[in-house]
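# Secondary and tertiary structure notes
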Amino acid sequence: MTDQSKDKSFFGHPKGLQTLFMTEMWERMSYYGMRGILVLFMTAALQEGGLGLTAATAAAIYGLYTSSVYFMGLPGGWIADRLIGGQKAIWYGGIIIMCGHIVLAIPNEGSFFIGLILVALGTGLLKPNITAVVGQLYSSEDERRDAGYSIYYMGINIGSLIGYFVCGYLMENAGWHWAFGAAAVGMALGLIQFYLTNKNLPAVSAKPSVEISESARKKSWVGIGIFLVGVAIVTALTLAGTISINAVSLAQQTAIVLTATFFIFFAIIFFRGNLNQVEKKGMWALLLICVASACFWSGFEQAGSSLNLFTRDYTDRFIGSFEIPTTWFQSVNSAFIILLTPFFAAFWIKLGQRMVTPGYGLKMAVGLIIMGSGFIVMIFAAQVAAGGGKSAAFYLILTYFLHTVGELCLSPIALSAVSKLSPRRYMGQMMGLFVFTYSIGNIIAGLMAGKFDPNNVAEMPSLFQFIATFSIGVGAVVLLIGMFTKKWEQEVVESKEGEDA
């Protein structure tokens, strides 16, 4: 095992970062490659090899799936912390993901839903823990940590680029299930290299970080077993037609439950967490950030649903005689992130040097408003389609550019805000609670996308107008409130600096 503090063999970082970079790159290749074709497959006609579902049902299933991926990260992190450790969570999570993609490649409606469940369960086990192990490569004093996460984040976007291109090409030139199979191959490559190089990872990641009694361990495994058996029984009964599940109704109920759960847990920490007045101010500022995050992802995640369908049916995708595969347009976001991240990092540093430090709430508001402006662009594109033509690809590229700028203003800033504003004794719980905003945003995104009817092109401008108004409106409210919470944020930071002095 190498000394992580002295190891600089991977671009000046510990060699273990290479292991995690490559594993995450291939896992994201499989995830985004499959996600890019998911709604297209569900809405494609039976004669074309699809499921022939309505846009509303497909969007609801898409929202349930993407929401579950983030939600399952909570028990996935708990299992690693208390039962098996980070390395085993990554390994077994990857195996479950690969099996899910293999099942998706089987041309059968029943296997499709089983595959989705497996991918969601496996991703919930792998994703939060591989991110945590990146942090374990560095000591608390190691200044390379932020740069290490930036390199790791680059692996995510390179993986998504590969996934969109490979799976998108196979979807349109070889068939749906070749594309799903390619996602399985991608995850298999990630597993192989992880198995061969996991010796580079820190020893602490190989074991649970929290010691629990043998009795508690047995009860935990029994609880996990009961949950998995319950999922299997409900799935089997649904596929057999014994019970009927309305995807749209389930998505609506899930959105309500997730939102209620978020506010209940937040209230428990706020009112029963023995917080002082400064910590409570920080919690109010965090609540604003969490609301902004949920609303942001509800718009941003239209990429895989309504925008994906618009790309397929109403966008001119030809360059000469070559027709660009539908999912390749989603890769524009990843490409822009890779190109723009260095500029944004330098921009925030320059602002700080000039003593200009916008509050977290203000930055989140800007991100929301910029993302919402992307849908203003889509209003014009939809008007072209409503007039009987096909919109230029430029509209989508500009929309994804604005969404990427909004993401870079909001996503990394939100994570930083949670780490700085949360009461220290509730840091882990607040980060877990923040994950809820991704789940809530994704389920709302699915419900919004369900209003997109490919057969009723005249209503498309109004759908994009609603999303734009919603996003920009929430952004404006966050901007106004953020002017007041900035002072609270400063009080929290000064209080923590005083404790450390």
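Residues numbered from 1 in each chain as written. Predicted model: local features only at pLDDT ≥ 70, side-chain atom pairs only at ≥ 80, totals over all residues. Heavy atoms only, no water.

## A word on the overall build of the chain
For the chain, the count of helices and strands is 16 helices and two strands. For the chain, the spread of C-alpha atoms along the three principal axes comes to 65 × 50 × 45 Å. Each of the 501 residues in the chain was classed as buried or not, and the buried ones make up 51%. When contacts within the chain are restricted to residue pairs at least 6 apart in sequence, those whose partners lie at least 24 apart make up 82%. Working note: accessible area of the chain is about 22000 Å², and carbon and sulfur atoms make up 67% of it. When the 31 positive and 28 negative side-chain charges of the chain are each reduced to one mean point, those points stand 6 Å apart. (Helix = DSSP H or I, 4+ residues; strand = E, 2+ residues; numbered from the N terminus. Buried < 20%, exposed > 50% of the residue type's maximum accessible area, 1.4 Å probe, protein only. Contact = heavy atoms within 4.5 Å. Areas by Shrake-Rupley, 256 points an atom, 1.4 Å probe, with all protein chains shown as cover. Lys, Arg positive; Asp, Glu negative; His and termini not counted. Charge placed at Lys NZ, Arg CZ, Asp CG, Glu CD.)

## Here's the deal with helix H4 (residues 86-104)
With 19 residues, H4 ought to run about 27 Å at 1.5 Å a step, and its terminal C-alpha atoms sit 27 Å apart, in line with that. Along H4, the positions that sit buried rather than exposed are Gly86, Gln87, Ala89, Ile90, Gly93, Gly94, Ile97, Gly100, His101, Val103 and Leu104. Residues of H4 that are buried sit in contact with helix H1 (16-43), helix H3 (73-84), helix H5 (109-136) and helix H7 (176-197). (Expected span 1.5 Å × (residues − 1).)

## Some details on the environment of Thr404
Here Thr404 lies in helix H14 (residues 393-421). Separated by 69 residues in the primary sequence, Thr404 and Ala335 have C-alpha atoms spaced 9.4 Å apart. Apart from residues no more than four positions distant in its own chain, Thr404 is found in contact with Asn333, Phe336, Ile337 and Leu340. Within the structure, the side chain of Thr404 is placed 2.7 Å from the backbone oxygen of Tyr400, a separation counted as a polar contact. (Polar contact = N/O pair within 3.5 Å; in protein donor to acceptor, adjacent residues only side chain to side chain.)

## Here's the deal with the environment of Lys199
Relative to the assigned elements, Lys199 resides in the loop between H7 and helix H8 (214-240). Judged by its relative accessible area of 56%, Lys199 is exposed. Once the C-alpha coordinates of Lys199 and Trp221 are considered, the two residues, 22 residues apart in sequence, prove to be 27 Å apart.

## Focus: the packing of helix H2 (residues 55-71) against H5
Relative orientation of the contacting elements H2 and H5 amounts to 25 degrees, with a least axis distance of 8 Å. Relative to H5, the element H2 is oriented roughly parallel. Side by side, H2 and H5 meet where Ile61, Tyr65, Ser68 and Val69 of the first sit next to Phe113, Leu116, Val119, Ala120, Thr123 and Gly124 of the second. Tallied by class, residues from the contact of H2 with H5 come to seven nonpolar, three polar and no charged. (Axes fitted to C-alpha atoms, helices over the stretch in contact; angles between N-to-C directions. Parallel < 35°, antiparallel > 145°, perpendicular 65-115°, else oblique. Nonpolar A, V, L, I, M, F, W, Y, C, P; charged D, E, K, R; others polar.)

## Comments concerning the nonpolar core
In this structure, Met34, Met42, Tyr65, Phe112, Phe310, Met430 and Phe464 are the most contacted members of the largest nonpolar core, which totals 128 residues. Among the elements that take part in this core, H1 stands out by supplying 15 residues, more than any other. Once you skip the residues sitting within four places of it in the chain, Tyr65 turns out to touch Tyr31, Met34, Leu38, Leu116, Val119 and Ala120. Counting residues in hydrophobic clusters, the runner-up holds seven residues, among them Ile79, Ala80, Leu83 and Ile84. (Core = buried A, V, L, I, M, F, W, Y, C linked by side-chain atoms within 4.5 Å.)

## So, a nonpolar patch on the surface
Where nonpolar side chains cluster on the molecular surface, the patch consists of Val229, Ile233, Val234, Leu237, Ile243, Ile245 and Leu250 and spans about 540 Å² of accessible area. At four residues, the largest contribution of residues to the nonpolar patch is made by H8. Along the chain, Ile245 turns up in the loop between H8 and helix H9 (247-272). On the basis of relative accessibility, which here comes to 44%, the residue Ile245 falls in the partly exposed class. (Patch = residues over 30% accessible without salt bridge, like charges linked within 9 Å, V, L, I, M, F, W, Y side chains within 5 Å. Salt bridge = Lys/Arg side-chain N within 4 Å of Asp/Glu carboxyl O.)

## So, the side chain of Thr66
For Thr66, the position within the fold is in helix H2. Here Gly63 takes part through its backbone oxygen, which lies 3.3 Å from a polar atom of the side chain of Thr66. Within the structure, Thr66 has its side chain in polar contact with the side chain of Asn442 (distance 3.1 Å). Excluding residues that lie within four positions of it along the chain, Thr66 makes contacts with Tyr31, Arg35 and Asn442.

## What about the packing of aromatic side chains?
Evaluation of the coordinates by the stated rule reveals 31 aromatic pairs. Ring plane angle 80 degrees and centroid distance 5.1 Å describe the contact between Tyr31 and Tyr32, whose orientation is recorded as edge-to-face. Consider the rings of Phe41 and Trp176, whose centres lie 5.5 Å apart with planes at 65 degrees: the pair is edge-to-face. In this pair, Phe41 sits in helix H1 while Trp176 sits in helix H7, placing the two residues 135 residues apart along the sequence. There is no split in this pair, since Phe41 and Trp176 are both buried. Chaining the aromatic ring pairs together yields one cluster made of Tyr70, Phe296, Trp297, Phe300, Phe434 and Tyr438. In this structure, Arg28 is placed above the aromatic ring of Tyr31, and the distance from its NZ or CZ to the ring centre is 4.2 Å. Of note, Lys280 hangs over the ring of Phe270, and the distance from its end group to the ring centre comes to 5.5 Å. (Phe/Tyr/Trp six-rings, centres within 6.5 Å; stacked < 30°, edge-to-face > 60°. Lys NZ or Arg CZ within 6 Å of the ring centre and 35° of its normal.)

## Considerations on the pattern of salt bridges
Evaluation of the coordinates by the stated rule reveals eight salt bridges. Notably, a salt bridge pairs Arg28 with Glu27, separated by 2.7 Å at the nearest N-O pair. The exposure class of Arg28 is buried, given its relative accessible area of 3%. Note that Glu491 and Lys281 form a salt bridge whose closest N and O atoms lie 3.1 Å from each other. Here Glu491, found in helix H16 (residues 460-500), pairs with Lys281, found in helix H10 (residues 277-300); they are 210 residues apart in sequence, far enough to count as distant. We classify Glu491 as partly exposed; its relative accessible area is 23%. When salt bridges that share partners are traced, they join Glu172, Arg317 and Glu323 into one network.

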